[in-house]
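The chain contents come next:
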Amino acid sequence: MFILGGTSAKNIATNLANRLQQPLVHTTYKRFPDDEFYVRLHDNIAGQDVLIVQTAYPDTKIVELFLIQDAVHDAGAKTITVILPYFGYSRQDKKFEEGEAISARAIAQHISMNVDCVITVDPHKDHVLKFFTVPAYSCTAVSTIAQYLKDKNIDFVLAPDKGAKERAKEAAALINCEYDFLEKTRIDGSTVKITPKKLDARGKHVAIIDDIISTGGTMAHSIKELKKQGAASVSVACTHGLFVGGAKEKLLAADCDEIISTDTIETEYSKVSAAECIAETLLKTTRIIKN
Ligand code: R5P
């Protein structure tokens, strides 16, 4: 088997190669003067099982993925598995208004071309997996995040909305502490309203867990609520750290004690790797490694 890391998932690709003890494909990636991407593979991968690891975010990385897929298919790989640490566009998973594109479906259908299987991490909603036209699986980085938080002596976990409740419950069980959740109403892409609620957080070291931190609005509101209610410290943890629109400043202004994310999107806050859950899922769901 060969592992091919795209430019947006170098850390996970290297980590997977080490864990699975399989070689990385040597590549040349460059950009033409007009900024178009160029891919060249240097290893003979004909007849091999190939894992392509590339986060589909932002847009330029999706084009890179399509070119990598084309090169791997053309080189005669026996099977192609695409590992999408973060599935960009997956939040537009239905038509909210008539006339809109279902972005998750559009991207998934194109990624499915010439591949055998797709694996992604903590998709916002599981039903997006059905948009791929090949077998698609998801895994969760919650246990890796929970282990990190346990080592930091977190003793209360909070979900910022009902959608993140199961994730918080799972993390709390692994940490062996209490959890609760807030009620969030989204006003628009960058504004949220959190309904006030009495939390059992006084004097506690709290971690707020969500799948994504985008503008940081959800987390900033939740931090303020917890600090108001006497939490000793508040850390925020997510799988996918997009950190757009001044998120970092917003979180620090809200008196956040620590920001933690995985490496599905590589940032200064990527303190844990999603490679472990991906490797486990590969072992469970594909025949590639077993053969
Ligand atoms: C939405 O339901 C997601 O789980 C996150 O809560 C959301 O994407 C976070 O966005 P932001 O950081 O912009 O508040």
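Residues numbered from 1 in each chain as written. Predicted model: local features only at pLDDT ≥ 70, side-chain atom pairs only at ≥ 80, totals over all residues. Heavy atoms only, no water.

**Student:** Outline the site of the ligand, supporting the account with residue identities and numerical values.
**Tutor:** Of all residues adjacent to the ligand, which total 14 residues, the nearest are Asp 210, Asp 211, Ser 214, Thr 215 and Thr 218. Contacts to the ligand include Arg 186, whose side-chain N or O atom sits 3.3 Å from an oxygen atom. A total of 380 Å² of accessible area belongs to the ligand in isolation, and the protein chains cover 90% of it. Broken down by secondary-structure element, the contributors of at least two residues to the shell around the ligand are strand S10 (183-188), strand S12 (205-213) and helix H6 (217-228). Broken down by element, the residue count for the shell around the ligand peaks at four residues, all from S12. Considering only residue class, the shell around the ligand consists of two nonpolar, six polar and six charged. (Near = heavy atom within 4 Å. Polar contact = N/O pair within 3.5 Å; in protein donor to acceptor, adjacent residues only side chain to side chain. Areas by Shrake-Rupley, 256 points an atom, 1.4 Å probe, with all protein chains shown as cover. Helix = DSSP H or I, 4+ residues; strand = E, 2+ residues; numbered from the N terminus. Nonpolar A, V, L, I, M, F, W, Y, C, P; charged D, E, K, R; others polar.)

**Student:** Lay out the environment of Val 244 with the relevant residues and their values.
**Tutor:** Within the secondary structure layout, Val 244 lies in the loop between strand S13 (233-241) and helix H7 (247-253). Residues Val 244 and Asp 74 lie 170 residues apart in sequence; the distance between their C-alpha atoms is 36 Å. If near-sequence neighbours (up to four positions away) are discounted, Val 244 is found in contact with Tyr 57, Ser 214 and Thr 215. (Contact = heavy atoms within 4.5 Å.)

**Student:** A description of the sheet that holds strand S14 (residues 258-262) should follow, citing residues and the corresponding values.
**Tutor:** The parallel open sheet is built from six strands, whose spatial order is S9-S8-S12-S13-S14-S15. The sheet is open, and its two edges are formed by strand S9 (178-181) and strand S15 (270-272), each paired on a single side. Across the sheet, the mean angle from the axis of one strand to that of its neighbour is 35 degrees, orientation sign disregarded. By the bridge criterion, two bridges tie S14 to S15 in an arrangement that is parallel. Residue pairing across strands places Ser 261 opposite Ser 270, the latter belonging to S15. The strands that H6 touches are strand S8 (156-159), S12 and S13; relative to S12, the one it contacts most, it runs at about 165 degrees. (Pairing = 2+ DSSP bridges. Axes fitted to C-alpha atoms, helices over the stretch in contact; angles between N-to-C directions.)

**Student:** Which residues make up the packing of helix H1 (residues 10-20) against helix H8 (residues 275-285), and what values go with them?
**Tutor:** For the pair H1 and H8, interaxial distance at closest approach is 9 Å and the crossing angle is 50 degrees. Of the possible angle classes, the one that applies to H1 and H8 is oblique. The hand of the H1/H8 crossing is right-handed. Seen from H1, the contacting residues are Ile 12, Asn 15, Leu 16, Arg 19 and Leu 20; seen from H8, they are Ala 275, Glu 276, Ile 278, Ala 279 and Leu 282. Its residues placed into classes, the contact of H1 with H8 shows seven nonpolar, one polar and two charged. (Parallel < 35°, antiparallel > 145°, perpendicular 65-115°, else oblique. Left-handed = near helix turned anticlockwise from the far one by under 90°.)

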